[in-house]
Amino acid sequence: MPTWETLLSLKRQGDKNKRIRKEQDDTRLGFEVDYDRVIFSSEFRSLQDKTQVIPLSKTDFVHTRLTHSLEVSVVGRSLGRLVGKKVLEKHPQLKGTHGHHFNDFGAIVAAAALAHDIGNPPFGHSGERAIGDYFKFGNGKRFKDKLPEVVYQDLSMFEGNANGFKLLTNDNYGSPGGLRLSYATLGAFTKYPKASLPNKPTKQVADKKFGFFNQQQEKFQDVAEELGLEKNADGDEVRYKRHPLAFLVEAADDICYTIIDFEDGINLGLIQEEYALEYLSKIVSKSINTEKYSKLSTTKNRISYLRSLAIGALIEDAVSLFMENEDAILKGDYHQALLDKSAYKVQIEDIIKISIKNIYQSQEVLDKEIAGYKILTKILDDFTTAVEHQHAGNASNFDKLILKNFLKDFDFSGSKLEDWLIDVCSFVASLTDSNALRTYRKLTGSDL
């Protein structure tokens, strides 16, 4: 069973000496450096033009992946600090012997939450499905018999979480270890600490998806060993128990997309305002100031006030749930998302249900997801064909133009098939919505 002492590891990839918490400079704590490295990365900046709810929205107040990630990070920081305070009270040696502060927990969760969507492709979850379906049903099937089974599974079930771990840890342009985040932050980031195969779905929340590609398996195993994460008892499967703080990253994301996507839907006119009071009133009943609420004159201000109170109530509830189950969480015996056990579960389910119907399945979203699907399929087909032909020594002039114009930062000459395919998919996933659209127009000759 892991301990908080190992779970709060400050180690970074490539370290030769152990990092001691008591020797850290509290004005620039290692966990806070993680946050800085994520926020200054080009991968994070690209989230400003990636879909959260409405792809390629022309309105100025709808959330992008970047604004969503910032908000998840803020909620995650609060969750981490509140939990950290209680954990230090329960385990005083963490502070007395090791020098940990409750802000350590907040900094780890904030950094991991900031990065939680960093690997997501353009056009939302339809982007993930477009990449996977290209290999499962499209022209990418031509690679199936040439690849190890686990690599083909990585591609045909392309996963933004696994791509995020790749972006955070991969060697890039002379920068060994990627962003070189602390192992505590990488552990908290990895909500699904397992490989894509064997694919044995269970009802356990950590088994819903996979968290790293085969290409990064050894890197994740190094992180897991340092943190003391235990393998699940299923023989030699690459499947670990979660880092406890991953539950808080997940809760922060769940809180934000439940409440804030709902708020976006109301502001867009996709959901009627009266639903807000109906669904949120039971969550905020203990904290709402009815006199103040009645004086708010605009829909935007009223919804903003209810949203703020609802997030606060859900944070408080998630912290209580975490501490009530801390022993089971540490042992790896807690298998549900915190909000699945929330006192407000019924209200959360009602909000998500109406958001699915009125926002996620609205005609605007569906139309643009279809367009995104076609865009990514075309880009993948042209890119993989160009690299494939280069390796075979029969690249056409068009292939050479693709390599020179779009893939000039890559040297695929010595790469194995399984590596360059993942690298191309990761690059396509890194495109913003607008950049993917521009690339598609250039490839089809419609943007001259």
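A brief report on the enclosed structure follows.

Criteria and cut-off values
- As a convention, each chain's residues are numbered from 1 in the sequence order in which they are written.
- Totals for whole chains, interfaces and linings use all residues, but because this is a predicted model, local features are given only for residues with pLDDT of at least 70 and pairs of side-chain atoms are given and counted only at 80 or more.
- Water and hydrogen atoms were dropped before computing side-chain values, which therefore reflect all heavy atoms in the structure.
- Numbering goes from the N terminus for both helices and strands, where a helix is a DSSP run of H or I of at least four residues and a strand is a run of E of at least two.
- The atom set for the radius of gyration is the C-alpha atoms, and the globule formula is 2.2 Å times the number of residues raised to the power 0.38.
- Each residue is assigned to one of three classes by its accessible area relative to the maximum for its type, calculated with a 1.4 Å probe on protein chains only: buried under 20%, partly exposed between the two thresholds, exposed over 50%.
- Contacts between residues were defined by any pair of non-hydrogen atoms, one from each residue, lying within 4.5 Å.
- By the counting rule applied here, Lys and Arg register as positive and Asp and Glu as negative, while His and the ends of each chain are not counted.
- Lys charges are placed at NZ, Arg charges at CZ, Asp charges at CG and Glu charges at CD.
- Lines are fitted to the C-alpha atoms to define the axes, a helix being fitted only along its stretch in contact, and any angle between axes, read from their N-to-C directions, falls within 0 to 180 degrees.
- Working definition: roughly parallel below 35 degrees, roughly antiparallel above 145 degrees, roughly perpendicular at 65 to 115 degrees, and oblique for all remaining angles.
- Left-handed describes a crossing whose near helix is turned anticlockwise from the far helix through less than a right angle; right-handed describes the clockwise counterpart.
- Think of it as three bins: nonpolar holds Ala, Val, Leu, Ile, Met, Phe, Trp, Tyr, Cys and Pro, charged holds Asp, Glu, Lys and Arg, and polar takes everything else, Gly as well.

**Things to note about the overall build of the chain**
Helix and strand counts for the chain come out as 21 helices and zero strands. Relative to the globule expectation of 22 Å for 448 residues, the C-alpha radius of gyration of the chain, 22 Å, shows essentially globular dimensions. Along the longest, intermediate and shortest principal axes, the C-alpha atoms of the chain span 70 × 55 × 40 Å. Sorting the 448 residues of the chain into buried and exposed places 53% on the buried side. Put simply, 74% of the contacts in the chain that link residues at least 6 apart link residues at least 24 apart. Between the centroid of the 60 positive side chains of the chain and the centroid of its 64 negative side chains there is a distance of 1 Å.

**Description of the packing of helix H18 (residues 363–392) against helix H21 (residues 433–444)**
Two elements in contact, H18 and H21, have axes separated by 9 Å at closest approach and are oriented at 60 degrees. Between H18 and H21, the interaxial angle falls into the category oblique. For H18 against H21, the interelement crossing comes out left-handed. Along the contact surface, H18 presents Lys 374, Ile 375, Leu 376, Lys 378, Ile 379, Asp 382 and Phe 383, while H21 presents Ala 436, Leu 437, Thr 439, Tyr 440, Leu 443 and Thr 444.

**Section: the packing of helix H4 (residues 65–90) against helix H6 (residues 102–114)**
Their axes nearest at 6 Å, the elements H4 and H6 cross at an angle of 155 degrees. For the element pair H4 / H6, the angle class is roughly antiparallel. Once H4 is placed against H6, the crossing between them reads as right-handed. Two secondary-structure elements touch here, H4 through Ser 69, Leu 70, Val 72, Ser 73, Gly 76, Arg 77, Gly 80, Arg 81, Gly 84, Lys 85, Val 87 and Leu 88 and H6 through Phe 102, Asn 103, Phe 105, Gly 106, Val 109, Ala 110, Ala 113 and Leu 114. For the contact of H4 with H6, a count of residues per class yields 10 nonpolar, seven polar and three charged.

Purely geometric stuff here, so don't read any function into it on its own.
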